[in-house]
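# Descriptive structure summary
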Amino acid sequence: MPNVLVAGKIHEAGLELLRNAPGLNVTLIPEVSVESYAPHLPKADALLIRTQPMTSREIESATNLKIVSRHGVGYDSVDVEALNERSIPLTIVGDVNSLSVAEHTLAMLLSLAKRITYFDNSIREGEWNRRNSFSAVEIANRKLFVLGFGRIGREVSRLAQTFRMEVLAYDPYLPDEIFNELKVQRISNIHTGLKIADAVTVHLPLIGDKPLIGREELALMKPAALLINTARGGIIDEDALAEALASNHLGGAGLDVLRSEPPSLSDALLQQREKLILSPHSAGLTAEAAMRMSVSAAQNIVDYFNGKLDDKLVVNKQVLARQNLMSQLP
């Protein structure tokens, strides 16, 4: 009977799916930490893991491991090469949180444009007359530059268009038909989009160590432009962003992701309160998305042991052929 280790509390719907699947033995470790799940790895045939790291050290100790299922779509914290050496597939969930992240993006954009937190604080501080600053703006007829036009970027575009925003998007890997279908202007150069946008939202992965939006890119943006990042920490140079906000070059920023999570309370960026909105990497953590994510991550494990794993959800597809070959050896 395969032993399934669930490393970190997930929605009950996913646990119920695993527990009701015939032939599986399920162990739940609620705490999200390496120290809590690592001792159980030697007995695990399958691992459902949340955001905690899984390095070559943990993989080496999991001598019976046959599949790792990520409770999400990112896998920066998992040593994929170490899994490849053992021919262990790494799966991710399907399109379960695009709407949640897109709604969060629009919520941040609207909050910044309407200065919601600024006015909320003004009332609590007894400064009612800040209303006369006329510092809130309308987003209708303004240009939104979407960096990355995958599922989340496209959903953001649809929502923004309902607010009558003009949407521009950058994504070098998609055909023109995708942009044309959604009536979005395609931008082939990031710097061009940054120069003309009234608001910028990032939905790209972090590639390498250099921020995609650094001091040079921030300088290109319009004074009073808004910047949103619900993708990955490190994509924006946080020190440069803190300077841009402090100098009033930008109208505001909304970040759901940070370079270090949780951040140090002494970070320069966290000292910017008036024009900065932060959330704790929670854009995709709605009740609905949590349920869909847990079910998708659990289903990958069930499907693997039933020989029905969807290879579109496998990060390292090449190991599946090797596993099949080894299973046929006498």
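Residues numbered from 1 in each chain as written. Predicted model: local features only at pLDDT ≥ 70, side-chain atom pairs only at ≥ 80, totals over all residues. Heavy atoms only, no water.

Moving on, we get to the nonpolar core. If you look at the biggest cluster of nonpolar residues, it comprises 30 residues, and the most contacted ones within it are Phe145, Leu147 and Leu241. Contributions of two or more residues to this core are made by β6 (143-147), β7 (166-170), α9 (190-196), β9 (199-202), β10 (225-229), α11 (238-246) and β11 (250-255). If one sorts the elements of this core by residue count, α11 sits on top with 5 residues. When residues no more than four places from it in sequence are discounted, the contact partners of Phe145 are Leu168, Ala169, Tyr170, Ile187, Ile190, Gly193, Leu194, Ala197, Ala199, Val200 and Thr201. (Core = buried A, V, L, I, M, F, W, Y, C linked by side-chain atoms within 4.5 Å. Buried < 20%, exposed > 50% of the residue type's maximum accessible area, 1.4 Å probe, protein only. Helix = DSSP H or I, 4+ residues; strand = E, 2+ residues; numbered from the N terminus. Contact = heavy atoms within 4.5 Å.)

Our next topic: the packing of aromatic side chains. Enumeration over the complete set of coordinates arrives at 3 aromatic pairs. For the pair Phe149 and Phe179, a centre-to-centre distance of 5.0 Å together with 15° between the ring planes defines the contact as stacked. Here the residue Phe149 occupies a position in the loop between β6 and α7 (151-162), and Phe179 occupies one in helix α8 (residues 176-181), the gap between them amounting to 30 residues. Grouping residues by exposure puts Phe149 and Phe179 together as buried. On the basis of an interplanar angle of 80° and a centroid distance of 5.1 Å, the ring pair of Tyr304 and Phe305 is categorised as edge-to-face. In this structure Tyr304 comes out as buried when scored by relative accessible area, which is 17%. What makes Phe305 partly exposed here is its relative accessible area of 27%. In this structure, Arg115 is placed above the aromatic ring of Tyr118, and the distance from its NZ or CZ to the ring centre is 3.9 Å. (Phe/Tyr/Trp six-rings, centres within 6.5 Å; stacked < 30°, edge-to-face > 60°. Lys NZ or Arg CZ within 6 Å of the ring centre and 35° of its normal.)

This paragraph deals with unusual backbone geometry. Residue Glu261 is joined to Pro262 through a cis peptide bond whose omega torsion reads -5°. Counting through the fold element by element, Pro262 comes out in the loop between β11 and β12 (276-278). Its identity is not glycine, yet Arg115 carries a phi of approximately 55°, on the positive side. Relative to the assigned elements, Arg115 resides in the loop between α5 (98-114) and α6 (116-124). A positive phi angle, near 65°, is found at Asn248, a position not held by glycine. Asn248 sits in the exposed class, given a relative accessible area of 52%.

Let's shift gears to the pairing of β6. The side chains of a regular strand alternate between both faces of the sheet. In terms of residue burial, β6 counts as a mostly covered element, since 4 of its 5 residues are buried. Pairing analysis gives 5 bridges linking β6 to β7, with the strands arranged parallel. Opposite Phe145, over in β7, you have Leu168 as the bridge partner. Regarding the hand of the β-α-β motif, the stretch spanning β6, α7 and β7 is right-handed. (Pairing = 2+ DSSP bridges. Right-handed = clockwise from strand over helix to strand, strands pointing away.)

Another aspect to go through is the pairing of β11. Along β11, 5 of the 6 residues are buried, which leaves the element largely enclosed by surrounding structure. Direction of pairing for β10 relative to β11: parallel, over a ladder of 5 bridges. What sits directly across from Leu227, in β11, is Ala253. For the crossover that starts at β10, traverses α11 and ends in the parallel β11, the hand is right-handed. By the bridge criterion, 3 bridges tie β11 to β12 in an arrangement that is parallel. Residue pairing in the sheet places Gly254 in a bridge with Ile277 of β12.

Quick look at the sheet that holds β6 now. Strand order in the open sheet formed by 7 strands is β8-β7-β6-β9-β10-β11-β12, with parallel pairing between adjacent strands. If you trace the sheet from one side to the other, it starts and ends with β8 (185-186) and β12, each paired once. For β9 and β10, the ladder comprises 4 bridges, and the chain directions are parallel. When the sheet's bridge partners are listed, Val202 is paired in β10 with Asn229. On top of the sheet, α5 reaches β6, β9, β10, β11 and β12; it is set at about 150° to β10, its chief contact. (Axes fitted to C-alpha atoms, helices over the stretch in contact; angles between N-to-C directions.)

Let us look at the side chain of Ser157. Assignment of secondary structure puts Ser157 in helix α7. Those residues within four positions of Ser157 in sequence are excluded, and the remaining contacts are Phe149, Val167 and Val184.

Here we take up the sheet that holds strand β1 (residues 3-7). Strand order across the open sheet formed by 5 strands is β2-β1-β3-β4-β5, with parallel pairing between neighbours. Bordering the open sheet on either side are β2 (25-29) and β5 (90-91), each of which pairs with just one other strand. Both β1 and strand β3 (residues 46-49) contribute to a ladder of 4 bridges, which runs parallel. By the bridge assignment for β3, Val4 is matched with Ala46. Packing against the sheet, helix α1 (residues 12-20) makes contact with β1, β2 and β3, and its axis sits at approximately 150° to β2. Helix-sheet contacts for helix α12 (residues 287-305) involve β1, β3, β4 (67-70) and β5, and the interaxial angle to β4 is about 160°.

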